[in-house]
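# Structural characterization, general
Chain by chain, the residues:
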Amino acid sequence: MKITIFGTGYVGLVTGACLADVGHHVLCMDVDQAKIEKLKNGQIPIYEPGLESIVRHTVEAGRLAFTTDTEEAVAHGVLQFIAVGTPPDEDGSADLQYVTAVAKSIGQYMDDYKVVVDKSTVPVGTGDKVRDAVRSQLDKRGLELEFDVVSNPEFLKEGAAINDFMKPDRIIVGTDSERAMELLHEVYYPFNRSHDRMIFMDIRSAELTKYAANSMLATKISFMNEIANLAERLGADIENVRRGIGSDPRIGYHFIYPGCGYGGSCFPKDVQALARTARDCDYDSRLLNAVEAVNSAQKHVLFDKISHYFNSDLRGKVIALWGLAFKPNTDDMREAASRTLMQDLWNAGASVQAFDPEAMEETQRIFGDQPGLTLCGTKEQALKGADVLAICTEWKEFRSPDFEAIAAALKEPAVFDGRNLYEPEMLERHGMIYYAIGRGRNQFHGA
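Residues numbered from 1 in each chain as written. Predicted model: local features only at pLDDT ≥ 70, side-chain atom pairs only at ≥ 80, totals over all residues. Heavy atoms only, no water.

## Considering the pairing of strand β6 (residues 147-151)
- With five of five residues buried, β6 is to be regarded as a mostly interior element.
- As paired elements, strand β5 (residues 114-118) and β6 share five bridges and run parallel to each other. When the sheet's bridge partners are listed, V117 is paired in β6 with V150.
- Chirality of the crossover, the property in question, places the unit of β5, helix α6 (residues 126-141) and β6 among those that are right-handed. (Buried < 20%, exposed > 50% of the residue type's maximum accessible area, 1.4 Å probe, protein only. Helix = DSSP H or I, 4+ residues; strand = E, 2+ residues; numbered from the N terminus. Pairing = 2+ DSSP bridges. Right-handed = clockwise from strand over helix to strand, strands pointing away.)

Here's what the structure looks like:
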């Protein structure tokens with residue numbers, strides 16, 4: 001099939017590459033000329049394991065191409081996927097200006113039947129707005145052309161997006177059109193060989209499903225962070241609690257790891273957007289508001305422990321920081337816990353020596369020549385001359401470090417672990433002081 005993807009960000013590029021990989025002919029359109037030129041030259045603007053090789057071989061095979069020409073993009077595919085950004089507006093709602101701009105462009109240039117597929121994460125009711133935007137342009141042109149609007153939300157985890165797309169848990173399709181259903185069945189047929197993973201529903205239910213899924217996962221994380229903070233005050237170990245409740249199949253082990261707060265492009269903005277949708281419906285979403293509030297507070301917990309350790313005087317202190325991306329296997333720093341920690345440290349007069357396996361360029365892009373920030377080439381280099389070590393991202397290479405080397409490099413042998421990577425007894429054997437999240441009374445406020 002011929003498929004057009006609007007947007008070459010995280011969702012658009014992964015979607016386009018994976019669809020091309022199974023044999024479809026995909027044209028990705030973006031208004032960013034520099035990005036498109038890089039993609040044409042084989043340069044991938046994001047880090048996602050496995051993506052670069054798929055893009056390279058599908059481009060070479062002639063099944064994946066890139067353009068900035070909107071008219072060419074609309075003419076290419078019967079299916080028009082909208083995968084542009086929906087950043088949070090000032091009031092927390094999703095900004096739909098890019099989605100509606102694409103919809104208008106489709107209406108401006110289409111000359112036969114199209115299926116407009118909302119792949120972007122959009123609030124309930126966006127399908128109606130997309131339909132109105134397309135129709136308004138057709139009316140201006142005096143044309144009566146048939147088209148359908150479909151909601152097909154993505155469920156891709158950064159760092160595992162290729163596997164998620166190729167082996168999906170479910171494929172949600174919101175539409176009331178039999179013709180659109182048949183086309184989407186054809187598109188996703190290669191991903192349904194073992195069993196049919198497609199779930200059809202109405203558009204509004206599909207739109208809400210995406211927000212509900214991410215909000216549920218965020219709720220589990222914030223709940224565990226609440227219990228972890230309580231465990232510190234009660235002298236309990238959250239890791240024991242986690243194993244105890246995770247063994248219940250009704251709860252499970254997924255997304256019950258406590259830490260220094262969730263980030264990324266999805267959970268923070270989706271929880272906020274759904275809460276805003278609730279307010280627009282005159283409904284007080286107390287649980288969603290609490291999930292967001294807990295997470296915002298949790299991002300300051302690591303700083304509070306470090307500050308207490310130094311008796312609230314961090315002036316002149318140097319903090320080694322391992323991990324900048326919001327999670328491992330990505331270079332994405334949107335809403336990352338590291339950003340909150342660094343800002344807290346700078347405000348207190350401390351400086352940071354940071355390392356991340358993939359997010360160094362992104363950190364440089366965001367902060368530039370920020371006073372008090374030194375980006376280091378290795379995790380060992382970040383330790384040299386630092387007072388203590390803090391960890392914000394659970395990269396694999398941080399899991400089994402040389403603890404004796406860490407203790408020797410730091411001025412004080414203290415580790416503040418925002419992801420509970422280590423067992424306290426292990427660090428104690430190496431003569432180190434270990435502060436994690438919810439690991440017992442000695443963790444309470446760094447005491």
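Here the narrative resumes, following the displayed structure.
## Here's the deal with the environment of F403
- When you line up the elements, F403 lands in helix α17 (residues 403-409).
- Its relative accessible area of 6% is what places F403 among the buried residues.
- Residues F403 and E158, spaced 245 residues apart in sequence, show a C-alpha to C-alpha distance of 30 Å.
- Residue contacts for F403: discarding those within four places in its chain leaves Y422, M426, L427, H430 and M432. (Contact = heavy atoms within 4.5 Å.)

## Digging into the UniProt feature "domain: UDP-glucose/GDP-mannose dehydrogenase C-terminal" (unreviewed entry) in the protein
- Under the local residue numbering, the UniProt record ascribes the feature "domain: UDP-glucose/GDP-mannose dehydrogenase C-terminal" (unreviewed entry) to residues 320-424.
- The annotated region residues 320-424 carries 30% helix and 18% strand content, and the separation between its end C-alpha atoms amounts to 19 Å. (UniProt positions renumbered as here; feature names shortened; annotations may be inferred.)

## Notes on the pattern of salt bridges
- Tallying each qualifying case throughout the model produces 21 salt bridges.
- The residue R56 makes a salt bridge to E52 at a minimum N-O spacing of 2.8 Å. In this pair, R56 and E52 both sit in helix α3 (residues 51-60), four residues apart, roughly one turn of the helix.
- Residue classification places R56 among the partly exposed positions, given a relative accessible area of 42%.
- Here D313 ties to R315 by a salt bridge, and the two come within 2.9 Å at their closest N and O atoms.
- Taking the relative accessible area as the measure of exposure, R315 reaches 65% and is therefore exposed. (Salt bridge = Lys/Arg side-chain N within 4 Å of Asp/Glu carboxyl O.)

## Re the state of the cysteines
- A complete count under the given rule lists zero disulfides for this structure.
- Not engaged in a disulfide, the cysteine C28 finds its nearest cysteine sulfur in C18; these two sulfurs lie 11 Å apart. (Disulfide = S-S within 2.5 Å.)

## What about the packing of aromatic side chains?
- Summed over the entire model, instances satisfying the criterion amount to 14 aromatic pairs.
- Ring geometry for F165 versus F191: centroids 5.3 Å apart, planes at 85°, classification edge-to-face. Placement of the pair is F165 in helix α7 (residues 161-166) and F191 in the loop between α8 (178-188) and β8 (198-201), with a sequence separation of 26 residues.
- The buried category is assigned to F191, whose relative accessible area is 3%.
- Relative to F267, the ring of F255 lies with its centre 6.0 Å away and its plane at 45°, an arrangement referred to as tilted. A residue pair is termed long-range when its members are at least 10 positions apart, and F255 in the loop between α10 (238-246) and α11 (267-280) and F267 in helix α11 qualify at 12 residues.
- The class of F255 is partly exposed, set by a relative accessible area of 28%.
- A network of ring pairs unites the aromatic residues Y309, F310, F416 and Y435 as a single cluster. (Phe/Tyr/Trp six-rings, centres within 6.5 Å; stacked < 30°, edge-to-face > 60°.)

## Focus: the sheet that holds strand β11 (residues 373-375)
- Strand order in the open sheet made by the six strands is β11-β10-β9-β12-β13-β14, with parallel pairing throughout. Looking at strand neighbours, the two that pair on one side only are β11 and β14 (433-435), the edges of this open sheet. Along the sheet, successive strands turn relative to each other by an average axial angle of 20°, direction set aside.
- Taken strand by strand, helix α15 (residues 360-367) contacts β10 (351-355) and β11, and its axis lies near 150° from that of β11. (Axes fitted to C-alpha atoms, helices over the stretch in contact; angles between N-to-C directions.)

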